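Listed below are the residues making up each chain.
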Amino acid sequence: MSLDVGSIRKQFPIFQRETSPGVPLIYLDSTATSQKPIAVIEAMNEYYRRSNANIHRGVHTLAEEATAMYEGAREKIAKFINAPSAKQVIYTRNTTESINLVAYSWARANLKAGDLVILTEMEHHSNLVPWHMLQAERGIELEFIPVTEDGLLDLSAYKTLLNRTPKLVSFTHMSNVLGTINPAGEIIRLAHEAGAMTLVDAAQSVPHLKVDVQALDVDFLAFSAHKMCGPTGIGVLYGKKDLLEAMPPFLGGGDMIKEVKLRSFRANSLPHKFEAGTPAIAEAVGFGAAVDYLSSVGMDAISAYEHELTEYALERLIEIPGVRLFGPDAEKKGGVASFVLDSVHPHDVAQILDKGGIAIRAGHHCAQPLHEKFGIPATSRASFYLYNTKEEVDLLVNGIYKVKELFG
Ligand code: C6P
């Protein structure tokens with residue numbers, strides 16, 4: 001395998017801990033949130049120890065250092081996704097807030113009753129509920145690209161939906177349940193041909209694949225730092241410049257203004273127009289360090305390694321009698337293995353595995369409609385990142401055999 005996983009693991013302090021005496025941590029829940037390397041932890045620590053100050057406000061040394069660190073991280077993130085300018089990288093709290101920003105600002109300014117928004121059946125709740133809310137408020141229409149039995153988007157059904165001249169196509173780049181990597185470039189090209197804008201939920205793709213916003217020609221793209229070795233509390237909305245410039249502010253307050261009078265205000269320029277109030281400064285610094293870290297390992301190497309690991313995991317899991325796996329084969333998916341085990345509730349599977357130090361997630365993973373589509377309330381989900389190993393996959397498989405034994 002192409003990565004030196006032994007030395008990568010040494011950079012993540014959490015892997016030194018045991019979940020109970022003598023039981024090392026096997027962390028297979030990076031789709032929920034990734035672990036953090038020492039470089040990220042130390043960058044945030046160092047910021048608080050040496051440079052803590054508010055940004056864009058003071059002229060003292062610390063304020064200028066803090067501002068430079070906050071804006072420097074934005075430059076790094078812009079480069080990481082190949083944004084034409086750092087001004088097009090808006091800091092938010094997370095993917096969820098980024099999608100809500102588009103729904104509140106762009107959509108409320110541009111959509112009226114009867115306008116169609118196309119989503120998919122595999123969306124996370126954060127790319128469903130903001131549109132449900134707008135539907136209730138505005139009377140927009142929602143349609144969904146169906147998911148096939150093998151966990152792919154039905155692109156011929158999508159093409160038929162496009163005949164109804166949608167205003168927006170908003171979809172996940174990679175499913176957090178099926179692992180499916182959707183053909184984002186093609187979906188965007190077809191949407192544009194039909195005259196629609198596009199929003200990509202890249203919460204699961206940016207951490208694991210090289211994502212180039214210019215090559216994709218996407219209009220808006222949302223992701224979170226905490227799934228890509230960075231801290232919680234910060235995410236990004238990328239947008240095309242002309243769209244962001246035309247959009248009204250989302251939240252009002254300090255820093256997002258050029259001028260305020262008693263009865264009026266003028267909004268600030270990009271990106272500050274969308275960043276009201278004191279932002280997550282230390283988190284931005286950590287986000288920049290995370291991007292440096294992932295770049296130093298190499299996104300292509302990370303994707304290739306995860307692919308090999310996922311292929312191995314799927315092969316091993318499918319051998320277990322009573323396991324039903326969801327999603328396409330390894331060629332079409334990222335490092336996610338969601339499954340059900342005959343007559344054992346996913347929460348029981350997760351709880352028993354936890355006794356052996358194995359952390360997986362069980363539940364609907366904030367994708368209830370997708371689970372409903374497959375006729376199940378919940379799945380167990382193991383997910384992989386650059387620090388996981390084949391030995392951990394083997395321990396997971398042994399753990400599932402133990403669950404089977406316990407439940408007869
Ligand atoms: N999925 C999971 O365990 P936030 O919480 O805003 O950082 O990310 C939301 C989100 C949006 N889209 C997709 C595809 C996601 O997977 C997630 C987060 C986690 O699957 C937590 S529910």
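Check the entry above for the structure.
Not measured: the values here are computed from a predicted model.

## Some words on helix 7 (residues 184-193)
(1) Moving on: For helix 7, the set of buried residues is Ala184, Ile187, Ile188, Leu190 and Ala191. Within helix 7, the buried residues cover an arc of 165° as seen down the axis, which keeps them to one side.
(2) Moving on: Residues of helix 7 that are buried in the fold lie against helix 6 (155-162), strand 7 (168-172), strand 8 (197-201) and helix 8 (213-216).
(3) Moving on: Taken from the residues just after helix 7, Gly195 is the one with a positive phi, measuring 85°.

## Details of the side chain of Asp219
(1) Moving on: With respect to the element layout, Asp219 can be found in the loop between helix 8 and strand 9 (220-224).
(2) Moving on: On the basis of relative accessible area, Asp219 is assigned to the buried category, the value being 4%.
(3) Moving on: Reaching out from Asp219, the side chain makes a polar contact with the side chain of His192 at a distance of 2.7 Å.
(4) Moving on: Only 2.8 Å separates the side chain of Asp219 from the side chain of Thr198, close enough to count as a polar contact.
(5) Moving on: Those residues in contact with Asp219 that lie beyond four places of it in its chain are His192, Ala196, Met197, Thr198, Tyr238, Gly239, Lys240 and Leu243.

## Describing the environment of Ser126
(1) Moving on: For Ser126, the position within the fold is in the loop between strand 5 (116-120) and helix 5 (129-138).
(2) Moving on: Here Ser126 is in contact with Thr96 and Ile99, once residues within four sequence places are set aside.
(3) Moving on: A polar atom in the side chain of Ser126 sits 2.8 Å from the side chain of His124.

## A few points about the nonpolar core
(1) Moving on: Residues Tyr158, Leu221, Phe223 and Phe287 are the most contacted members of the largest nonpolar core, which totals 110 residues.
(2) Moving on: A per-element tally of this core places helix 10 (residues 281-297) first, with ten residues.
(3) Moving on: Looking at which domains feed residues into this core, each of domain 1 (5-30 + 298-406) and domain 2 (41-296) supplies at least three.
(4) Moving on: In this structure Phe223 touches Ile77, Ile81, Asn94, Thr95, Ala202, Ala203, Val206, Met228, Gly235, Val236 and Phe287, once residues within four positions along its chain are discounted.
(5) Moving on: Membership of the second largest hydrophobic core comes to 25 residues, among which are Ile90, Leu111, Leu237 and Phe274.

## So, the layout of surface pockets
(1) Moving on: By volume, the largest pocket amounts to about 320 Å³.
(2) Moving on: Contributing to the lining of the largest pocket are 24 residues, with Thr96, His124, Ser126, His226 and Lys227 lying nearest its centre.
(3) Moving on: When its residues are assigned to classes, the lining of the largest pocket shows five nonpolar, 14 polar and five charged.
(4) Moving on: Split by domain, the residues of the lining of the largest pocket number at least three in each of domain 1 (5-30 + 298-406) and domain 2 (41-296).
(5) Moving on: The space that makes up the second largest pocket amounts to roughly 240 Å³.
(6) Moving on: Lining of the second largest pocket is provided by 17 residues; of these, Tyr91, Thr92, Arg93, Glu97 and Ala276 occupy positions nearest its centre.
(7) Moving on: At the level of secondary structure, the elements contributing two or more residues to the lining of the second largest pocket comprise strand 4 (89-92) and helix 4 (95-110).
(8) Moving on: A class-by-class count of the residues in the lining of the second largest pocket yields ten nonpolar, four polar and three charged.

The rules behind these values
- All residue numbers refer to positions counted from 1 along the written sequence of the respective chain.
- Per-residue local features are limited, in this predicted model, to residues with pLDDT of at least 70; the limit for side-chain atom pairs, both in listing and counting, is 80 or more; totals at the level of whole chains, interfaces and linings are taken over all residues.
- Values shown for side chains rest on all heavy atoms present in the structure; no hydrogens or waters enter the calculation.
- For every residue, the accessible area obtained with a 1.4 Å probe (protein chains only) is divided by the maximum for its type, and the residue is called buried under 20%, exposed over 50%, and partly exposed between those limits.
- Runs of H or I in DSSP of at least four residues are treated as helices and runs of E of at least two as strands, each being numbered from the N terminus.
- Note that the arc is computed from the directions linking the helix axis to the C-beta atoms.
- Every residue pair with non-hydrogen atoms within 4.5 Å of one another is taken to be in contact.
- The definition of a polar contact used here is a pair of N or O atoms within 3.5 Å, where within protein one atom must be able to donate a hydrogen and the other to accept one, and adjacent residues in sequence count solely through side-chain atom pairs.
- In this text, buried Ala, Val, Leu, Ile, Met, Phe, Trp, Tyr and Cys residues form a nonpolar core when linked through side-chain atoms within 4.5 Å.
- Residue ranges assigned to the domains are those given by an automatic or database domain assignment.
- Whether a set of points on the 1 Å grid over the protein atoms alone is a cavity depends on a 1.4 Å probe fitting there but being unable to get out, while an open set qualifies as a pocket with protein on both sides within 12 Å along at least five of seven lines; lining residues are those with an atom within 4 Å of a point.
- Grid points are joined across faces, edges and corners, and a volume is the space filled by probe spheres set on the points.
- Gly is put with the polar residues, along with every residue not named as nonpolar or charged; the nonpolar set is Ala, Val, Leu, Ile, Met, Phe, Trp, Tyr, Cys and Pro, and the charged set is Asp, Glu, Lys and Arg.

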